[in-house]
Amino acid sequence: MMKYRNPPIVEAVCEFRLSRDTPWDLTVPGLLYEKLREQFPNREQRLVQEFEISEGPQGIQQQIRSSERIMLFGEDRKMFVQLGPHLLAINVLKPYPTWALFKSKIQLAWESLLTTIEVKGVERIGLRYINRIEIPVAADRIKEYLEFYIFLGEDLPQQMVSFLAGGEFTFASGRDRCRVQLSSMSRESQEQTELLLDIDYFLARPKELPPGDALDWIEAAHERVECIFEGCITDVLRESFLPERA
Amino acid sequence: MQYPAPSFSRRVQEHVMPYFPPSSASIMLGPYPKTALYVKPEQTQSLVSEIASLLGRLQQKGLRVPEPRTVLDYLVEFPELIDVVEKVVNIAQIRLPDAQLSLELCQDPEFEGSYLALYVRFNQYDDRVIERLDLIEDEYLTLMEGKRGSLLITTDFRPPE
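Quick caveat, the model's predicted, so the values are computed rather than measured. (Residues numbered from 1 in each chain as written. Chains lettered and ligands numbered in written order. Predicted model: local features only at pLDDT ≥ 70, side-chain atom pairs only at ≥ 80, totals over all residues. Heavy atoms only, no water.)

(A) The arrangement of the overall build of chain B in detail. Helix and strand counts for chain B come out as five helices and four strands. Written out in order from the N terminus, the α and β elements of chain B read α-β-α-α-α-β-β-α-β. Across the 161 residues that make up chain B, the buried fraction comes to 47%. Excluding contacts between residues fewer than 6 apart, the proportion of contacts in chain B whose partners are at least 24 apart in sequence is 64%. Of the roughly 8400 Å² of accessible surface on chain B, 51% is carried by carbon and sulfur atoms. (Helix = DSSP H or I, 4+ residues; strand = E, 2+ residues; numbered from the N terminus. Buried < 20%, exposed > 50% of the residue type's maximum accessible area, 1.4 Å probe, protein only. Contact = heavy atoms within 4.5 Å. Areas by Shrake-Rupley, 256 points an atom, 1.4 Å probe, with all protein chains shown as cover.)

Next comes the structure, spelled out in C-alpha cells:
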C-alpha cells in the first residue's frame, strides 16, 4: 500500500443507502446524533434536491424532490456525517487523514446506526475518492502523467478546452462496480491543467450484501480503489505526491 | 431491481439525459411499484462533486470563474453557501442582463479571512450602477441570513473581460 505525504485526495465519502423496508422516521437522526455527538458535535441542516423519474399512466414523469439532510461536523469541520431518509454518509475532506482513521469513523457511524434501527437491507454502498491533480503542462501532454485519459487520434485537433472521460469496471462477479471519471476543471490559464480523478466503488446489486458484512465490504472496496488509483497514474505523477519510502 | 425493456430505457434517456451532465447530483429511482426505471447509475454523493457540478452549470450559463479551485475550496469550507451562490447568480442574471458576472475569491487585508465576491461588470458605468446593485441586495441579504461564510455582490468598475 503506497502512502503519500502530499496525497491529491480532496474528498473521500462512504455512503450507505438502506433498503426501503428498513423503518426510518424523523426521530432517527436525533437518536443517531446522541450516539455520535462526542466525535461529531456540530449539527446543521441542508436541503438537498433530488430528481425523481417514474413511469406513470401518462408516460415519463419527472419530479424534483427536496429532502432534508442533517450534517454532523467534527470540531475541525474536515470530517462530517450526513443523515437523510434511508441514507448515512461519512465524508472526509482534505487533508485526508489515514484509511485507518477514516474507517474507524465509518465503523462508528455504521455500528451506531445498526444499534439504532433494524437495518433490513442495504440498497447500495459507495466508497468514493475524489482527487484533484494539477499537472504543469497543457492537456495534450496528459499521457505523461496519467494512464487513464481520452485518446485523440492524430487526425483530430490535439487541444481540448475541456473534457470528461469515464468508464466502469466490474468486480466480485458483477456484484460491485467501480466508476472512474477524469474531468478537467476549466480555468482561464492554459499553462497548467487541473483535473479531477474521481473513483467511485459501489455495490451494484441491491440487497445482495448482508448488513453485517458491510465493513468487510468497505475494506475490500478500499483496496480496490487504491489499486485503481495506482493504475491511473504514471511514475512521474506519483513522484509529485511525495511517496513515503521505507 | 427489474430493468425495463431497452426501447423504453432508450426513450427515457433521450428524454432526460440532455439535461443532466454526468457529475450532477444523484437521480432517484421510483416510485417503485409500477416500473423501476434505470436511467443512469447513481453516484455516491460528494460535496466536491456537487460544487464542481454547480460551477460547471453556472459557467455554461455565462458566469465567469477565473479560479475555480479557490472558489471550490471556499464552498467546501462553507457548504451552506452552495445554494446561496446558485440563487444569487440566477437573481443577478435576471436583474442585470447586461452585466458580466464573475465569481472570485478575495482576500481583504482589512477583513479577517477571505470571502466570495460576485463581481458585476458593465461596458459602461453611470450613477445608476449602485442603485441597480441595491435592487437585488434585499433578496441576497435574506438568503445569507444565518449562513457562515461571506458572499458579496459588488462591482470593481472594471470593464468585462
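(B) Structural view of the overall build of chain A. What chain A contains, in helices and strands, is four helices and nine strands. Ordering the α and β elements of chain A from the N terminus gives β-α-β-β-β-β-α-β-β-β-β-α-α. With respect to the three principal axes, the spread of C-alpha positions in chain A is 60 × 55 × 40 Å. Taken over 246 residues, chain A has a buried fraction of 50%. In chain A, of all internal contacts separated by at least 6 residues, the share reaching a separation of at least 24 is 66%. Put simply, chain A shows about 12000 Å² of open surface, and 50% of that area lies on carbon and sulfur atoms. If the 30 positive side-chain charges of chain A are averaged to one point and the 39 negative ones to another, these points end up 3 Å apart. (Lys, Arg positive; Asp, Glu negative; His and termini not counted. Charge placed at Lys NZ, Arg CZ, Asp CG, Glu CD.)

(C) How the structure looks around the sheet that holds strand E2 (residues 100–107) of chain B. All names here are of chain B. Pairing within the open sheet is mixed, and its three strands lie in the order E2-E3-E4. Strand pairing shows two members of the sheet lacking a second neighbour, E2 and strand E4 (151–154), which therefore form its edges. Here the strands of the sheet are splayed against their neighbours by 25° on average, with no regard to which way each runs. Sheet topology places strand E3 (residues 114–121) next to E4; four bridges connect them, and they run parallel. Paired with Ala117 across the bridge in E4 is Leu152. (Pairing = 2+ DSSP bridges. Axes fitted to C-alpha atoms, helices over the stretch in contact; angles between N-to-C directions.)

(D) Here's a closer look at the environment of Glu123(A). All names here are of chain A. Of note, Glu123 is situated in strand E6 (residues 122–135). Residues Glu123 and Leu108, 15 residues apart in the sequence, show an inter-C-alpha distance of 20 Å. For Glu123, the contacting residues outside a window of four places in its chain are Arg17, Leu18, Ser19, Arg20, Leu203, Pro206 and Lys207.

(E) Examining the confidence of the model for chain B more closely. Residues and elements named next belong to chain B. Taken as a whole, chain B shows an average pLDDT of 77; of its residues, 74% reach a score of 70 or greater. Mean pLDDT across the elements of chain B bottoms out in strand E1 (residues 27–29) (37) and peaks in E2 (95). Note that residues 1–41 has pLDDT below 50 and, in this model, 79 contacts with residues that lie over four places away or in other chains. Prediction confidence for the complex, expressed as pTM and ipTM, is 0.82 and 0.83 respectively. (pLDDT = per-residue confidence, 0-100.)

(F) Structural detail: the pairing of E6(A). Residue and element names in this part refer to chain A. Within E6, 12 of the 14 residues are buried, which leaves it mostly tucked inside the rest of the structure. As paired strands, strand E1 (residues 9–18) and E6 are joined by nine bridges and run antiparallel to one another. From the neighbouring strand, Phe16 faces E6, where its bridge partner is Ile125. In the sheet, E6 pairs with strand E9 (residues 193–203) via 10 bridges, with the strands oriented antiparallel. Its bridge partner being in E9, Gly126 is matched across the sheet by Phe202.

(G) Structural context of helix H3 (residues 68–77) of chain B. When we look at burial in H3(B), the residues that qualify are Pro68(B), Val71(B), Leu72(B), Tyr74(B), Leu75(B) and Val76(B). Among the structural elements, strand E5 (87–93) and E6 of chain A together with helix H2 (47–60), helix H4 (81–95), E2 and E3 of chain B are those in contact with the buried residues of H3(B).

(H) Summary view of the pairing of strand E7 (residues 164–171) of chain A. Residue and element names in this part refer to chain A. In this structure, E7 lies alongside strand E8 (residues 176–184), joined through eight bridges in antiparallel fashion. Paired with Phe171 across the two strands is Asp176, which belongs to E8. Taking the residues between adjacent antiparallel strands as the criterion, E7 and E8 are bridged by four residues, where Ala172 takes a positive phi near 50°.

(I) Quick look at the packing of aromatic side chains. Scanning the model with the defined rule gives 13 aromatic pairs over all chains in all. Aromatic side chains Tyr74(B) and Phe78(B) sit 4.7 Å apart centroid to centroid with 50° between the ring planes, which places their arrangement in the tilted category. You can call Phe78(B) buried: its relative accessible area is 13%. Between Arg77(A) and the ring centre of Phe73(A), over which it is positioned, the NZ or CZ distance is 3.8 Å. (Phe/Tyr/Trp six-rings, centres within 6.5 Å; stacked < 30°, edge-to-face > 60°. Lys NZ or Arg CZ within 6 Å of the ring centre and 35° of its normal.)

(J) How the structure looks around the environment of Phe122(B). Residue and element names in this part refer to chain B. Looking at the element boundaries, Phe122 is found in the loop between E3 and helix H5 (129–144). For Phe122, a relative accessible area of 3% gives the class buried. Sequence spacing of Phe122 and Asp156 is 34 residues, and the spatial spacing of their C-alpha atoms is 9.9 Å. Beyond its immediate sequence surroundings of up to four residues, Phe122 is in contact with Leu96, Asp98, Ala99, Val129, Arg132, Arg158, Pro159 and Pro160.

(K) Here's a closer look at the side chain of Ser184(A). With respect to the secondary-structure elements, Ser184(A) resides in strand E8. Reaching out from Ser184(A), the side chain makes a polar contact with the backbone nitrogen of Phe163(A) at a distance of 3.0 Å. (Polar contact = N/O pair within 3.5 Å; in protein donor to acceptor, adjacent residues only side chain to side chain.)

(L) Quick peek at the state of the cysteines. All names here are of chain A. Taken as a whole, this structure holds zero disulfides over all chains when the rule is applied. Take Cys14: it sits in no disulfide, and the sulfur closest to it among the cysteines is that of Cys178, at 14 Å. The thiol of Cys232 is unpaired, and the distance to the nearest cysteine sulfur, on Cys178, comes to 8.3 Å. (Disulfide = S-S within 2.5 Å.)

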